[in-house]
Structures are given as structure tokens and as C-alpha cells.
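For reference, the chains in residue letters:
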Amino acid sequence: MRASFYTLGCKVNQNETGALQQLFFENGFEIVGPGDAADVYVVNSCTVTAGGDKKSRQWLRRCKRENPGAVTVLTGCYPQAFPQEAQAAAEADVVTGTNARGSIVADVQRFLATGERVVDIRPHAAGAAFEELPAEQPLGHTRAFLKIEDGCNRFCAYCIIPYARGRVRSRPLDSVLAELRSLAAQGYREVVLSGINLCCYGQDTGSSLAEAVERAAEIDGIDRIRLGSVEPDLLPEETLLRLSRVKKLCCQFHLSLQSGCAKTLAAMNRHYTPQDYRAVVERMRALFDRPLFTTDVIVGFPGESEEDFCESLRFVESLGFLKVHVFSYSRRAGTAAAKMEGQVPEAVKAERSRRMIAAADAVRAQVIAGWAGRQETVLLEQPVSKNLYTGYTSRYIPVAVAAPGAVQGEIVEVQVGAFDGSRCCCEAAAPTAPRP
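Residues numbered from 1 in each chain as written. Predicted model: local features only at pLDDT ≥ 70, side-chain atom pairs only at ≥ 80, totals over all residues. Heavy atoms only, no water.

Caption draft 1: Layout of the overall build of the protein chain. The helix and strand inventory of the protein chain stands at 13 helices and 18 strands. Expected size for 436 residues packed as a compact globule is a radius of gyration near 22 Å; at 22 Å, the protein chain falls within 12% of this value. If one aligns the C-alpha atoms of the protein chain with their principal axes, the spans along those axes are about 65 × 60 × 45 Å. When the 436 residues of the protein chain are sorted by exposure, 54% land in the buried category. (Helix = DSSP H or I, 4+ residues; strand = E, 2+ residues; numbered from the N terminus. Rg over C-alpha atoms; globule rule 2.2 N^0.38 Å. Buried < 20%, exposed > 50% of the residue type's maximum accessible area, 1.4 Å probe, protein only.)

Structure representation (C-alpha cells):
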């Protein structure tokens, strides 16, 4: 039988889809692309915005319409956070959440055997352990994503994720290191450590994010380590000092912001001010070698005035971000913000989003232009032609590299070229020694 997967949302979701694909593969399924004909269609949903819920249902509805005899599966954050609403989605034959993912194949097999709809949404229990899933199938010798943490205890006013993911749970460090060694043996040169609240890694197991990075750096073959999103108020001085000593750690950090307005941050139940955030950025710039930063910003949060928005916009412009992911606030039932007065009209949110994106893109172009002529290392990821690859520098600047004689997955030195609005064109100076 053939199984097709469609993934919405964050890198953690994408990593988990790889694990689910491996589960199906190990049980005799052929894995095909999201647009291919299949016997089973699985959507791994995201529920950060209402738009994600809608996309999940639409994709399943289309699959069922085009393949009436196929099994449709709705899994992930949407069913976990909104179980009653997800159960009402008639387009799904099987509905599961983010807990007990290892049972998803059995749920599909039960539906195939009985023809009766399966709803298997299990609540997250306090004190539960991290659920380990199979390593995803190797898809090429480039960057690998490794989920080491799940859950969040913070309950930001706008966020449904603690309800969808449960409380903080960390993957045992020995298990993390074992998979890293396996990834290195498969030829991966770069790994991204990811989690729902990555900075909380180890608080339930006696470890820490700094320890995980330090131990990962000891593994031969893993040459670059990158972090997923981190929280500015969860990076104490000791952690920053330890991380700054790890030479394999890429000097690019996704440091979550959400707003540059102090009033809005307080309403969001974030745990820092813009001044606190700036202090962390300045400290990291002092400790690390020319680090670059990416971030997330929400516009149109309840109560955000035009003055508040402009304060946030000015703050974002002032920090020199490499990339800003801009989101319009999405009202989610069950969160504190959903009940707040001063909900911003959709048209105003859309207009503010356009302005924030335009400002962030202008800063991005300036930041990347400042790297022209500098030496960097690039992981060759996607071949465009025989000698041309796209990839990212260690600081996550997108490039196209002419690298005759190199192969996908190598790390090469380049001189960063001019930015064309999409990528910098470069030529490889010297590839590293080929991997076995």
C-alpha cells in the first residue's frame, strides 16, 4: 500500500512527519509524495492559526474526493488542541493527536479491517516521558533535523501550543547522541536541534541545552550544529558562555521576539521587555563571532494601537535581523488573548503585516549586502545543475555556489557575492575532504 503525507507548521512537525513516514515504511507501506495517488493520506496538522486548521481539512477533503477508496488521517496539533472540532471533520477516517504517535499505523490498520472510524486522541499526562519515534528516512546527505524536546509550560496569551503539545518533555541525552552518531554515519554534516521550547531541554532529565550542544560537538562527522527557536529570557549568562565555546555551533540564532512594543509584550504574557531582548542580542554579539539573528513578530495583537505597532516596527528595524517571520495575530479559542477586548480588524492586521514585511525585507537586504566579499562556509544542499548548488552559509545566508567537482552534502569555503534579492552568487574556494 502507498502512503502520502502533507505537513503544516514548524520544523518540529516536519521532523515528526519524517518519523511517521518511517513508521509506515517499517510496516510495509510505500511512501509517495503529497500529490501522488495513494491508499492512505496523512495530514500532520498545525493549529497555531485558524488558517492551518482550514488547510488540513481542505487537503483531506480533496484527497477523499479524488481517491474515494483511500483512508484519510488527521493527526497532530489540531486534533490535540481541539478534539471535538477535529472529531467533527467528516473528511477524516482516522483522527489522532500529538500523543502516542507510535499507534498511528495500528489505528489505520484497525480502520482498514473494520471500516469503522477511529478516533484516538489521548490526553497528555503530567510527568509523561518524551515519546521516541523512529529516525526519519535518510533523504540526502545535507542538513538533518533532530527533535530533542517537546511541550511548553509558558502559556503565552496568544498561544494554543501548550494545549496541543503538553508540558515540557526532554529526549534522554544518550538517545540524542546515539541518533547523532547514526546521522553522522549516514553522511550528514549539519544537524539542527529542535523542540517546542528548546531552551527547556533537560529541565526534566537533569541535563541542559548547553550540555546537549557540547556533547553533540564531540561526535566525529557532525561539523555544524544549529539551534531551532530559542527564548531570550531562557538564555542565562552561563548558558551563553558555554554555547559560545562550542566552535561547531553555527553563529545564527532564531531568537523569538513577537513584538518590539513593551505594552504588547506584557499583554502577550511574554517574560521580557524590548530592552531585555536588546541586551541579550548585544551580549550574544559580544560572545559569538559575528552572529546573525532571525525572529518571529506578531502584528495586530488585541489592543495593539497604531502607536504600539510603530514602536514594534522601529524596534525590529533597529536590531538588524537577517530574517523576520511576520504573522498576523490569529484568534484561538481557549487562549487568554481570544477573550481580550480591542480585537484588531483583519484589514488593519493585513496592512500592518505588509508594512512590517517590507521594513524587515529592507533590513535583510542591508544585512546580507554587508557580507559581500567575506569568507564563509556553505553546506551544498540542492543541486541546480552539474556544478551549481544552492545552500546556506553557517550564518544562514542563502547562496548559489558554483562548485565544480564537489558533491551534495559537502561543506565548501566561498567568498560571499552580491545579493540579488533571493541569494548571493558565490564560487567555491576549496571543498572539504569528501566523506566516505
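That covers the picture; the talk isn't over yet.
Caption draft 2: Here's a closer look at the pattern of salt bridges. Inspection of every chain in the model, using the stated rule, returns 36 salt bridges. As a salt-bridge pair, Arg143 and Glu190 come within 2.6 Å of each other at their nearest N and O atoms. In this pair, Arg143 is assigned in strand S7 (residues 143-150) and Glu190 in strand S9 (residues 190-195), connecting sequence segments 47 residues apart. Residue Arg143 is classed as buried on the basis of its relative accessible area, which comes to 12%. Residue Glu231 pairs with Arg154 through a salt bridge whose shortest N-O separation is 3.8 Å. With a gap of 77 residues between them, Glu231 in the loop between strand S10 (224-227) and helix H9 (237-244) and Arg154 in the loop between S7 and helix H6 (161-165) connect regions that are remote in the sequence. The class of Arg154 is buried, set by a relative accessible area of 17%. The structure contains a network of salt bridges with shared partners spanning Glu16, Arg101, Lys147, Asp150, Arg165 and Arg169. (Salt bridge = Lys/Arg side-chain N within 4 Å of Asp/Glu carboxyl O.)

Caption draft 3: Empty space enclosed by the protein, seen in detail. Under the definition given, this model contains 1 cavity of 30 Å³ or more. Roughly 140 Å³ of volume is contained in the largest cavity. Every residue lining the largest cavity is counted, 14 residues in all, and those nearest its centre are Asn15, Ala19, Leu133, Pro134 and Arg171. Of all the elements in the fold, those that place two or more residues in the lining of the largest cavity are helix H1 (11-26) and S7. (1 Å grid on protein atoms, 1.4 Å probe; cavity = no way out; pocket = protein on both sides within 12 Å on 5 of 7 lines; lining within 4 Å. Points joined across faces, edges and corners; volume = space filled by probe spheres on them.)

Caption draft 4: A look at the environment of Val192. Tracing the backbone shows Val192 in strand S9. Given a relative accessible area of 6%, Val192 falls into the buried group. Distance from Val192 to Leu243, taken between C-alpha atoms, is 15 Å for residues 51 residues apart in sequence. Setting aside chain neighbours within four positions, we find Val192 in contact with Arg143, Ala144, Phe145, Leu146, Arg226, Leu227 and Gly228. (Contact = heavy atoms within 4.5 Å.)

Caption draft 5: Representation of the layout of surface pockets within the structure. Size it by volume and the second largest pocket reaches roughly 300 Å³. Around the second largest pocket sit 19 residues that line it, and Lys247, Leu249, Cys251, Asp289 and Arg395 are the ones nearest its centre. Those elements that provide at least two residues to the lining of the second largest pocket are H9 and strand S14 (375-383). Looking at which element gives the most residues to the lining of the second largest pocket, the answer is S14, with 3 residues. Among the residues making up the lining of the second largest pocket, the classes are represented as 7 nonpolar, 4 polar and 8 charged. (Nonpolar A, V, L, I, M, F, W, Y, C, P; charged D, E, K, R; others polar.)

Caption draft 6: Quick peek at the packing of helix H8 (residues 209-216) against H9. Relative orientation of the contacting elements H8 and H9 amounts to 10 degrees, with a least axis distance of 9 Å. Our classification of the angle between H8 and H9 gives roughly parallel. Residues Ala210, Glu211, Val213 and Glu214 of H8 pack against Thr239, Arg242 and Leu243 of H9. In terms of residue class, the contact of H8 with H9 is made up of 3 nonpolar, 1 polar and 3 charged. (Axes fitted to C-alpha atoms, helices over the stretch in contact; angles between N-to-C directions. Parallel < 35°, antiparallel > 145°, perpendicular 65-115°, else oblique.)

Caption draft 7: Geometry of unusual backbone geometry. Phi at Ala100 is positive, roughly 55 degrees, even though this residue is not glycine. Structurally, Ala100 can be placed in the loop between strand S5 (94-96) and helix H5 (104-114). Judged by its relative accessible area of 17%, Ala100 falls in the buried class. At Asn269, a position not held by glycine, the phi torsion is positive, near 65 degrees. Structurally, the position occupied by Asn269 is in the loop between helix H10 (262-267) and helix H11 (274-287).

Caption draft 8: How the structure looks around the side chain of Glu149. Mapped onto the elements, Glu149 comes out in strand S7. One buried charged residue, Glu149, remains without a salt bridge, the closest side chain of opposite sign being Arg169 at 7.0 Å. For Glu149, the residues in contact, after removing those within four places along its chain, are Phe130, Val168, Arg169, Ser170, Ser194, Gly195, Ile196, Asn197, Leu198 and Tyr201. (Lys, Arg positive; Asp, Glu negative; His and termini not counted.)

Caption draft 9: Molecular detail of the sheet that holds S5. Pairing in this open sheet of 6 strands is parallel, and the strands run S2-S1-S3-S4-S5-S6 from one edge to the other. For this open sheet the edge positions go to strand S2 (30-32) and strand S6 (118-120), each flanked by a neighbour on one side alone. Between one strand and the next, the sheet's axes are offset by a mean angle of 20 degrees, whatever the strand orientation. Sheet contacts for H1: strand S1 (2-7), S2, strand S3 (40-45) and strand S4 (71-76); angle to S1, the most-contacted strand, approximately 175 degrees. (Pairing = 2+ DSSP bridges.)

Caption draft 10: Spotlight on the packing of helix H12 (residues 306-319) against helix H13 (residues 346-369). Contact geometry for H12 and H13: axes closest at 10 Å, N-to-C directions at 15 degrees. Comparing the axis directions of H12 and H13 gives the class roughly parallel. Of the two elements, H12 crosses H13, and the hand of that crossing is right-handed. Contacts from Glu306, Phe309, Cys310, Ser312, Leu313, Val316 and Glu317 in H12 reach Arg352, Arg355, Met356, Ala359 and Val363 in H13. Of the residues in the contact of H12 with H13, the class split is 7 nonpolar, 1 polar and 4 charged. (Left-handed = near helix turned anticlockwise from the far one by under 90°.)

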